[in-house]
Amino acid sequence: MIRPLLQRFFPSIWIGEFRSKAEFDGSLFKLAPAFSVYDWIDDRVLYSRHRFTYPAYCSACEQVTQMRIDWLWGGWSSTTSSVHPAWTETCVCQQCGLNSRMRALIDFLKVRCNPKNIKNAFIAEQVTPFYRVLKRMIPSVIGSEYLGPGYKSGKRVFNWRYLQCIRHEDLTNLSFPGCQFDLVITLDVFEHIPNYRTAFGEIYRILRPSGLLVFTIPFFYDQEITRIRAVVNGDGTITHLLPPEIHGNPISGRGSLCFQNFGWDILDDLRKTGFADASAALYWGPWQGHLGYPFFVFYAIKPKIIQRG
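Residues numbered from 1 in each chain as written. Predicted model: local features only at pLDDT ≥ 70, side-chain atom pairs only at ≥ 80, totals over all residues. Heavy atoms only, no water.

Colleague: I'd like a rundown of the overall build of the protein chain, residues and numbers included.
Modeller: Across its full length, the protein chain carries 5 helices and 20 strands. Compactness check: the protein chain gives a C-alpha radius of gyration of 19 Å against a globular reference of 19 Å for 309 residues, within 12% of the reference. In terms of principal-axis extent, the alpha carbons of the protein chain reach across some 50 × 45 × 45 Å. In the protein chain, which comprises 309 residues, the share counted as buried stands at 50%. For the protein chain, long-range pairs separated by at least 24 residues make up 63% of all intrachain contacts whose partners lie at least 6 apart in sequence. (Helix = DSSP H or I, 4+ residues; strand = E, 2+ residues; numbered from the N terminus. Rg over C-alpha atoms; globule rule 2.2 N^0.38 Å. Buried < 20%, exposed > 50% of the residue type's maximum accessible area, 1.4 Å probe, protein only. Contact = heavy atoms within 4.5 Å.)

Written as structure tokens, this is what we have:
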């Protein structure tokens, strides 16, 4: 794909790809000097403890815009003894409204697959700025939200807050026929699904051969094994193994419970589902409004030829 003219004046944000924690850890001796440079640059960009903006190229808008950095979800790092913003959630483009991780996923799509060639796509959101940006890129995309256990997948429900009909889909029991989509996208969704492996199976089912799953998750790169925070019991009650962690939800003001903190074994789970080439793509680049590291966009490809057991 030919990159937009302006984007060609900026370096790529994509640094490397990793298929396991062992592969990532084995590269750390090479990455460490680069990370020290990234860290120095990040510190210089964060020139104020107050909210501020700076100019950077937005892959969604395909132009230089103002990126807003704030400390709303900032945190303290015990390993580096430093205070930092919530890197993936901040650096929001003031034109399209997308934060760093959302714009990284947009850039991934533009670099890896020409969105104009995507005939059928599904994204597990419908009322967000990201959905609106993606709809302009792929007009045929189908969006949905999870509206609760009382609805059947495929049901359309009018929402008075957004004044539109919203399609309900449960990722563990999708309404779509098999082999329908070229592309499936989720953004910070799988951590809210207790039986996320079932969701992987459903997404695999609805993807066509060579179809692509692309997603973001809150990811703990120092963990080999996913940490389970809460489980759903047979009677539907929830047992919390760790203090409840609630994330924002555009549909519910109560937010969504986080059931797990993902580690590198999520790639193994994708491969066990049947996906090929499940990988974590590492990105960084303040020229496109991406600071902090290491952060990843994840992807998995359904094999072109399906092996029959």
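Colleague: Quick one: what's the story with the packing of helix H2 (residues 100–112) against helix H3 (residues 129–137), residue by residue and with numbers?
Modeller: The description of two helices packed together rests on the angle between their axes and the distance between the axes. Interaxial distance between H2 and H3 falls to 11 Å at its minimum, and their mutual angle equals 15°. One element, H2, and the other, H3, form an angle in the roughly parallel class. As for the relative orientation of H2 and H3, their crossing is right-handed in sense. Taken together, the residues of H3 that come into contact with H2 (itself represented by Met102, Leu105, Ile106, Leu109 and Lys110) are Phe130, Val133, Leu134 and Met137. In terms of residue class, the contact of H2 with H3 is made up of 8 nonpolar, no polar and 1 charged. (Axes fitted to C-alpha atoms, helices over the stretch in contact; angles between N-to-C directions. Parallel < 35°, antiparallel > 145°, perpendicular 65-115°, else oblique. Left-handed = near helix turned anticlockwise from the far one by under 90°. Nonpolar A, V, L, I, M, F, W, Y, C, P; charged D, E, K, R; others polar.)

Colleague: How would you explain the pairing of strand S9 (residues 156–159) if you had to name every residue and give the values?
Modeller: Alternating residues of S9 divide into Val157 and Asn159, all buried, and Arg156 and Phe158, none buried. Note that S9 and strand S10 (residues 164–167) share 4 bridges and pair antiparallel. Paired with phenylalanine 158 across the strands is cysteine 165, a residue of S10. Between S9 and S10, which pair antiparallel in sequence order, lie 4 residues; one of them, leucine 163, sits at a positive phi of approximately 55°. (Pairing = 2+ DSSP bridges.)

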